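Commentary on secondary and tertiary structure
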Amino acid sequence: MRDKPLDLTKEQRVIKSPRQIQELAFKLRSQGDSIGLVPTMGALHEGHLSLVRAAREENKAVIVSVFVNPGQFGPHEDFNSYPRNLEQDTQLALRAGADLIFAPAAADIYPDGYQNFVAPGPLAQGLCGAKRPGHFRGVCTVVLKLLQLTAASRAYFGQKDAQQLRVIQQMAKDFDLEAQIKGLPIVREADGLALSSRNIYLNEEERQQSTILFQSLRLAQDLIAAGQRETNTISRQIKQHINQAPLARLDYLEIVDWADLQPLKQLTGQILIALAVYFGATRLIDNIILDA
């Protein structure tokens, strides 16, 4: 672990003012320090902490943002009930190696009179973008603001939100942003369920059946390893497997090219298999990236 560049108390490490985090970040960069940013919506778990530790290894300073972004929630989604515990998040982030916690209020990020949003392109149109209109508009806008405010050299995202990762990588390229966008592997429970802040919504039976997501992706991986290249055949077998879980309700299953996220009929190159499944009111996503 690298030496920390700031001599601050725990209380001083939690910053809520955008101007204050910007001033500190610019001071660090002017000293030649690299800054790693881990953008989160809080409710930190081991998946987030793996990103913090990676940022710690590669940067002189690490900033973890904790902001439940209203811009990426639809009108009937769980914005008001989304788990929030800044004190716990702060303890976990600092223990994992963060230097600063940036926890602004919505009114600080979107003040009165705010007008401009990022309009993402084709990468944001399918998959979750098709099911959650406006979602990636909100994601790209807040990530762009966070990258600007923190003067980040590198920003770290988990592969669980694979479409988000590709969309943000493209945004950084198109806008000539300095920050390198880094994707890290999905962190899973022992039974394969991808770690997510929304897992706490699952009741006991839903939690038991939720392993069907990872099982389905492993089934697809086995089919491809055995030589299957027909998308329709793979999709059909995945759906049949998911239907074995009575509480599972498939939202979407897509097999797409990883570079452009466009659907494939025949598998070739690097592919993404992504799915979203409801258990009651809880929507879980998962994916796997493979070389076909």
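The structure we're discussing is the one just above.
By convention here, each chain's residues receive numbers from 1 onward along its written sequence. In view of the model being predicted, local features appear only for residues whose pLDDT reaches at least 70, and side-chain atom pairs are presented and counted only at 80 or more, with totals across whole chains, interfaces and linings using the full set of residues. Neither water nor hydrogens contribute to the side-chain values; these are computed over all heavy atoms in the structure.

**As for the overall build of the chain**
Numbering of helices and strands starts at the N terminus; helices are DSSP runs of H or I of at least 4 residues and strands are runs of E of at least 2. For the chain, the count of helices and strands is 10 helices and 9 strands. Note on method: radius of gyration uses C-alpha positions; expected globular size equals 2.2 Å times residues raised to 0.38. Computed over its C-alpha atoms, the radius of gyration of the chain comes to 19 Å, within 12% of the 19 Å expected for a compact globule of 292 residues. Taken over 292 residues, the chain has a buried fraction of 54%. The long-range fraction of contacts in the chain, counting pairs at least 24 apart against all pairs at least 6 apart in sequence, stands at 72%. For the chain, the accessible area works out to roughly 13,800 Å², and carbon and sulfur atoms hold 47% of it. In the chain, 32 side chains carry a positive charge and 32 a negative one; their mean positions are 2 Å apart. When accessible area is computed with a 1.4 Å probe and restricted to protein chains, residues below 20% of their type maximum are described as buried, those above 50% as exposed, and intermediate ones as partly exposed. Contacts are assigned to residue pairs with any non-hydrogen atoms lying within 4.5 Å of each other. To measure how exposed things are, a 1.4 Å probe is used in the Shrake-Rupley method; for residues, cover is taken only from the protein chains shown. The sign given to each residue is positive for Lys and Arg and negative for Asp and Glu; His and the chain ends receive no count. To locate a charge, take atom NZ for lysine, CZ for arginine, CG for aspartate or CD for glutamate.

**Remarks on the pattern of salt bridges**
In what follows, salt bridge is the name for a side-chain nitrogen of Lys or Arg lying within 4 Å of a carboxyl oxygen of Asp or Glu. Enumeration according to the criterion identifies 11 salt bridges in this entry. Between glutamate 46 and arginine 53 there is a salt bridge, with the nearest N and O atoms lying 2.0 Å from each other. Residue arginine 207 pairs with aspartate 191 through a salt bridge whose shortest N-O separation is 3.0 Å. Here arginine 207 is found in helix α8 (residues 204-209), whereas its partner aspartate 191 is found in the loop between β6 (180-184) and α8, with 16 residues between them in sequence. Taken together, the shared-partner salt bridges in this structure form one network comprising Lys131, Asp251 and Arg283.

**A few points about the sheet that holds strand β4 (residues 100-102)**
At least two bridges found by DSSP between two strands is the condition for calling them paired. An order of β1-β4-β3-β2-β5-β6 is seen for the 6 strands of this open sheet, with the pairing classed as parallel. The open sheet terminates on both sides in strands that have one partner only, identified here as β1 (14-15) and β6. One ladder, built from 3 bridges, connects strand β3 (residues 61-66) with β4; its direction is parallel. Residue valine 64 lies in a different strand from β4, and its bridge partner there is isoleucine 101. Axes, fitted as lines to C-alpha atoms, cover a helix only where it is in contact. Angles between the N-to-C directions of the axes lie from 0 to 180 degrees. Docked against the sheet, helix α3 (residues 86-96) engages β1, β3 and β4, running at close to 145° with respect to β4.

**Overview of helix α7 (residues 162-174)**
What a helix should span is 1.5 Å times the count of its residues minus one. Between its first and last C-alpha, α7 extends 18 Å over 13 residues, near the 18 Å set by a 1.5 Å rise per residue. For α7, the complete set of buried residues consists of Ala162, Gln163, Gln164, Leu165, Arg166, Val167, Ile168, Met171 and Ala172. On its buried face, α7 is in contact with α5 (127-131), α6 (135-150), β5 (154-158), β6, β8 (270-279) and β9 (282-291). Of the residues trailing α7, aspartate 176 is marked for its positive phi of about 55°.

**A word on the state of the cysteines**
The term disulfide is used for any two cysteine sulfur atoms that are within 2.5 Å. Overall, the coordinates contain 0 disulfides when judged by the stated rule. Unpaired in terms of disulfides, cysteine 128 finds its nearest cysteine sulfur in cysteine 140, a separation of 13 Å. Since its relative accessible area comes to 8%, cysteine 128 is described here as buried.

**Structural notes on the packing of aromatic side chains**
Centre distance within 6.5 Å is the pairing criterion for rings of Phe, Tyr and Trp, where only the six-membered ring of Trp is used; planes under 30 degrees apart are then read as stacked, over 60 as edge-to-face, and the remainder as tilted. Considering all chains together, one arrives at 6 aromatic pairs under this definition. When the centroid spacing of 5.4 Å and the interplanar angle of 65° are considered together, the rings of phenylalanine 73 and phenylalanine 79 count as edge-to-face. Here phenylalanine 79 falls in the partly exposed class, since its relative accessible area comes to 25%. Members of the aromatic cluster, connected to one another through ring pairs, are Phe67, Tyr110, Tyr114 and Phe117.

**Observations concerning the pairing of β5**
One ladder, built from 2 bridges, connects strand β2 (residues 35-40) with β5; its direction is parallel. Across the sheet, residue leucine 37 finds its bridge partner in β5, namely alanine 155. Both β5 and β6 contribute to a ladder of 5 bridges, which runs parallel. By the bridge assignment, tyrosine 156 is partnered in β6 with lysine 182. Between β5 and its parallel partner β6, the chain crosses via α7, and the hand of that crossover is right-handed. The path from the first strand over the helix to the second decides the hand: if it runs clockwise while the strands point away from the viewer, the crossover is right-handed.

**Some words on the environment of isoleucine 288**
Its location among the elements puts isoleucine 288 in strand β9. Of the residues examined, isoleucine 288 reaches a relative accessible area of 12% and is grouped as buried. It is 8.5 Å that separates the C-alpha atoms of isoleucine 288 and arginine 218, two residues lying 70 residues apart in sequence.

Shape is all these values report; function is a separate question.
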